[in-house]
Amino acid sequence: MLVVNVKENESIDKALKRFKKKFEKTGVLRQLRKRQAFEKPSVARRNEIIHARYVGQLRSNEEI
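Below is a short write-up of the structure. The structure displayed is predicted, hence computed values, not measured ones. (Residues numbered from 1 in each chain as written. Predicted model: local features only at pLDDT ≥ 70, side-chain atom pairs only at ≥ 80, totals over all residues. Heavy atoms only, no water.)

**A few points about the overall build of the chain**
Phase 1 of the analysis: Of regular secondary structure, the chain possesses 3 helices and 0 strands.
Phase 2 of the analysis: The N-to-C order of helical and strand elements in the chain reads α-α-α.
Phase 3 of the analysis: Taken over C-alpha atoms, the radius of gyration comes to 19 Å for the chain, far larger than the 11 Å a tight globule of 64 residues would show.
Phase 4 of the analysis: Structurally, the chain occupies a C-alpha span of about 50 × 35 × 15 Å along its principal axes.
Phase 5 of the analysis: Taking all 64 residues of the chain together, the buried fraction comes to 5%.
Phase 6 of the analysis: Charge separation in the chain, taken as the distance between the mean sites of 17 positive and 8 negative side-chain charges, equals 5 Å. (Helix = DSSP H or I, 4+ residues; strand = E, 2+ residues; numbered from the N terminus. Rg over C-alpha atoms; globule rule 2.2 N^0.38 Å. Buried < 20%, exposed > 50% of the residue type's maximum accessible area, 1.4 Å probe, protein only. Lys, Arg positive; Asp, Glu negative; His and termini not counted. Charge placed at Lys NZ, Arg CZ, Asp CG, Glu CD.)

Given below as structure tokens:
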């Protein structure tokens, strides 16, 4: 459970912004989206390899 202490004379907007940052860092939303659509381990691994190749190509093009 996330707890955000609101300091004296602090606007609600700033406290809400801190809450949103904490919530995003926990990764709850990312995990929820990942669980909604099951992906077979073999497909996940294939996607990781494709992404790694893509990133490698971008980095090699950067060095040129």
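**Thoughts on a positive patch on the surface**
Phase 1 of the analysis: A cluster of basic residues, K14, K17, K21 and K25, forms a positive patch at the surface.
Phase 2 of the analysis: Examined against the element boundaries, K17 turns out to sit in helix α1 (residues 12-26).
Phase 3 of the analysis: Residue class for K17 comes out exposed when judged on its relative accessible area of 56%. (Patch = residues over 30% accessible without salt bridge, like charges linked within 9 Å, V, L, I, M, F, W, Y side chains within 5 Å. Areas by Shrake-Rupley, 256 points an atom, 1.4 Å probe, with all protein chains shown as cover. Salt bridge = Lys/Arg side-chain N within 4 Å of Asp/Glu carboxyl O.)

**Quick notes on the side chain of E10**
Phase 1 of the analysis: Note that E10 resides in the segment before α1.
Phase 2 of the analysis: Within the structure, the side chain of E10 is placed 3.0 Å from the backbone nitrogen of K7, a separation counted as a polar contact.
Phase 3 of the analysis: Setting aside chain neighbours within four positions, we find E10 in contact with N5, A15 and R18. (Polar contact = N/O pair within 3.5 Å; in protein donor to acceptor, adjacent residues only side chain to side chain. Contact = heavy atoms within 4.5 Å.)

**As for the packing of aromatic side chains**
Phase 1 of the analysis: According to the stated counting rule, one finds 1 aromatic pair in the structure shown.
Phase 2 of the analysis: The interplanar angle of 20° and the centroid separation of 6.2 Å between the aromatic rings of F19 and F23 together place this pair among those described as stacked. Residue F19 and its partner F23 are located together in helix α1, separated by 4 residues, close to a single helical turn. (Phe/Tyr/Trp six-rings, centres within 6.5 Å; stacked < 30°, edge-to-face > 60°.)

**Examining α1**
Phase 1 of the analysis: The end-to-end C-alpha separation of α1 is 21 Å, in line with the 21 Å expected for 15 residues at 1.5 Å each.
Phase 2 of the analysis: Taking burial as the measure, the 15 residues of α1 include 1 buried ones, a minor fraction of the element.
Phase 3 of the analysis: Positive backbone phi, at 80°, marks G27, one or two positions downstream of α1. (Expected span 1.5 Å × (residues − 1).)

**Side note on the pattern of salt bridges**
Phase 1 of the analysis: All chains considered together, the criterion is met by 2 salt bridges.
Phase 2 of the analysis: Between R18 and E10 there is a salt bridge, with its nearest N and O atoms 2.5 Å apart.

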